[in-house]
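Architecture and fold: a report
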Amino acid sequence: MRIGVVGTGYVGLVTGTCFADSGNTVTCLDINAAKIARLERGEVPIYEPGLEELVERNVKAGRLRFTTDAAASIREADVVFLAVGTPPCADGSADLSALWKVVDTIALQLRPDTIVVTKSTVPVGTCAGIEQRLEARTGRMCRVASNPEFLKEGAAIEDFQKPDRVVVGVRTKEVGEILRSLYAPFLRTENPFLVMSPESSEMTKYVANSLLATKISFINEVANLCERMEADIDDVRRGIGHDSRIGFAFLFPGAGYGGSCFPKDVQALAAMARDKGVVPRILTAVHDTNLAQKQVLGAKIDSWFGGDLAGKRVAIWGLAFKPRTDDIRDAPAIDLIDGLLAAGASVRVHDPEAIDNVRAVYGERLEYAATPLDTLDAADCLAIVTEWGDYRRPDFDEMARRMRQRLIFDGRNLYPPAELKARGFSYHAIGKQPV
Ligand code: NAD
């Protein structure tokens, strides 16, 4: 099949590359000319494990190309995937301005049989809105479908190529069958291809992310409670997780969730609810709990130093919103850095992949270290925000030698408190008694 992908970000680039890798001819389109120029030079502008090799292979095979020319890429496409960003507006609702711009751009290039598929996360009713807009611009009914993306940054290729399920929302059986054949190479292990209405499909994506965010905010609230009740969140987690109705997934306490999806999708679903006259009590609580959780690590540091952080040197390990990505959108590390800088601390940071993105925001206001240990020279404390594998088994003796005092605030509960105590560290994790 000939496929056009509009928006060459985390989702669009992975989608286009994986469809090319399964034998389709794919053109990825973006308005960001610098991004397209880099891709044309063979540079992958984001960090995603395995992506660079896959892009290179498919470009070489002539199945994958990049362009800023909408007309040429859309006119020849059998299926056009829309994968532009849908960031939050001030009221939490999804900002669809990029999406509508794309719909207007592609309208006059579409062949009558081309299928337009939304892969962007869009509010319920957007597919219907696209149908109406395309009809108004082309004078005919166009084929529009919903196909939400469930990939996780950091494991995007694997998630795309071996999805738990593929969800499509379609108006006709025929469109469903065309999309089924496109996904068939990724569903050879019999994972389900679920066909439903575009409205249910659009809703499914928001509900999935909101439920995952709910689990995180729930366990974070319980963790904060454990700290004040002399309980240990890991014991409690084990105590509940073996119940088959509960399980262990997504019940790890931490410094709050971030990224470009959970925060905005919880808010967007809440905005949709309000719009329909439903009070989104749980969604509002999930979001507020997360905003508060992002302040927890900073508050612990501030409290340890008696509210006086002026001149203190703080080392931070981990800036990306989660491991194996360079994405810092809504990352908890950003809240922590902002708080520390505002309080007059100096901050030296490390991250295996996200340094360039952080430097673009903070410039010379931070110090950037090439290795985790290099953040620690004369540091008054270390804060761990992202659970990169690089931080799991550090050289504690060398850390102790470099730091001004042995003090760790761990937002990801990486180490056994007893071991840290035995090594002379003061160790503050989430949902555990400090040692
Ligand atoms: P992104 O910001 O990385 O990429 C969006 C791309 O769209 C950018 O390259 C931008 O230049 C391009 N773009 C904007 N306007 C355009 C236009 N008019 N024409 C062509 N290109 C245009 O975003 P992302 O993280 O890939 O997310 C895209 C969508 O997928 C969002 O709706 C998001 O919620 C959803 N999603 C994201 C993830 C994820 O993990 N990032 C997972 C599932 C779903």
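Residues numbered from 1 in each chain as written. Predicted model: local features only at pLDDT ≥ 70, side-chain atom pairs only at ≥ 80, totals over all residues. Heavy atoms only, no water.

Description of the pattern of salt bridges
With the rule as written, the count across this model stands at 37 salt bridges. Among the salt bridges present, the one from E387 reaches R412, with a minimum N-O distance of 3.6 Å. With E387 in the loop between β12 (381–384) and α16 (396–402) and R412 in the loop between β13 (407–410) and α17 (417–422), the pair connects residues that are 25 residues apart, well separated along the chain. Judged by its relative accessible area of 25%, E387 is partly exposed. Given the relative accessible area of 18%, R412 is considered buried. Ionic contacts of the salt-bridge type, sharing partners, join the residues D374, D377, E398, R401 and R402 into one network. (Salt bridge = Lys/Arg side-chain N within 4 Å of Asp/Glu carboxyl O. Helix = DSSP H or I, 4+ residues; strand = E, 2+ residues; numbered from the N terminus. Buried < 20%, exposed > 50% of the residue type's maximum accessible area, 1.4 Å probe, protein only.)

Brief notes about helix α15 (residues 355–362)
What α15 keeps buried is the set I355, V358 and Y362. What you see down the axis of α15 is that its buried residues fit within an arc of 65°, all on one side. Turned more than 90 degrees off the buried face of α15, the exposed positions are D356 and A360. Looking at the buried residues of α15, the elements they touch are α14 (332–342), β10 (346–350) and β11 (367–368). (Arc of directions from axis to C-beta. Contact = heavy atoms within 4.5 Å.)

Section: the pairing of β13
A two-sided burial pattern is seen for β13, the buried positions comprising L407 and F409 on one face and I408 and D410 on the other. Relative to β13, β12 is paired through three bridges, and the arrangement is parallel. Residue pairing in the sheet places I384 in a bridge with D410 of β13. Here β13 runs beside strand β14 (residues 426–428); their pairing, made up of three bridges, is parallel. Within β14, the residue paired with F409 across the bridge is H428. Once the chain exits β13 it traverses α17 before rejoining the sheet at β14, and the crossover so formed is right-handed. (Pairing = 2+ DSSP bridges. Right-handed = clockwise from strand over helix to strand, strands pointing away.)

Overview of the site of the ligand
Contacts to the ligand come from 26 residues, most closely from D30, K35, T86, E153 and K264. Interatomic distance of 2.6 Å between a side-chain N/O atom of K264 and an oxygen atom of the ligand. Notes on the ligand: free accessible area 830 Å², of which the protein chains cover 88%. Of all the secondary structure elements, the ones that give two or more residues to the shell around the ligand are α1 (10–21) and α5 (97–107). Counted by class, the shell around the ligand contains ten nonpolar, nine polar and seven charged residues. (Near = heavy atom within 4 Å. Polar contact = N/O pair within 3.5 Å; in protein donor to acceptor, adjacent residues only side chain to side chain. Areas by Shrake-Rupley, 256 points an atom, 1.4 Å probe, with all protein chains shown as cover. Nonpolar A, V, L, I, M, F, W, Y, C, P; charged D, E, K, R; others polar.)

As for the environment of V79
When you line up the elements, V79 lands in strand β4 (residues 79–82). Residue V79 is classed as buried on the basis of its relative accessible area, which comes to 0%. Between the C-alpha atoms of V79 and G307, which are 228 residues apart in sequence, the distance is 57 Å. In contact with V79, not counting residues within four places along its chain, are M1, R2, I3, G4, T114, I115, V117 and L179.

With respect to the packing of aromatic side chains
The final tally for this structure, using the stated rule, is 14 aromatic pairs. Both rings, one in F19 and one in Y183, keep their centres 5.4 Å apart while their planes meet at 65°; by these two values the pair is edge-to-face. Of this pair, F19 sits in helix α1 while Y183 sits in helix α8 (residues 173–183); the two residues are 164 residues apart in sequence, bridging distant segments of the chain. With a relative accessible area of 0%, F19 lands in the buried category. The positively charged end of R165 is found above the aromatic ring belonging to F150, 3.6 Å away from the centroid. The ring of Y368 carries the charged tip of R359 above its face, separated from the ring centre by 4.4 Å. (Phe/Tyr/Trp six-rings, centres within 6.5 Å; stacked < 30°, edge-to-face > 60°. Lys NZ or Arg CZ within 6 Å of the ring centre and 35° of its normal.)

Describing the sheet that holds β13
Taken in spatial order, the six strands of this open sheet run β11-β10-β9-β12-β13-β14, and their pairing is parallel. Each of the sheet's edge strands pairs with one partner strand only, and the pair in question is β11 and β14. Relative to β10, strand β9 (residues 313–317) runs parallel, the two sharing five bridges. If you follow V314 over to β10, its bridge partner there is V347. Taken strand by strand, helix α13 (residues 296–304) contacts β12, β13 and β14, and its axis lies near 155° from that of β13. (Axes fitted to C-alpha atoms, helices over the stretch in contact; angles between N-to-C directions.)

Quick word on the layout of surface pockets
As a volume, the second largest pocket reaches approximately 300 Å³. Top contributing element to the lining of the second largest pocket by residue count: helix α11 (residues 262–275), with six residues. Per-class residue counts for the lining of the second largest pocket are ten nonpolar, one polar and two charged. (1 Å grid on protein atoms, 1.4 Å probe; cavity = no way out; pocket = protein on both sides within 12 Å on 5 of 7 lines; lining within 4 Å. Points joined across faces, edges and corners; volume = space filled by probe spheres on them.)

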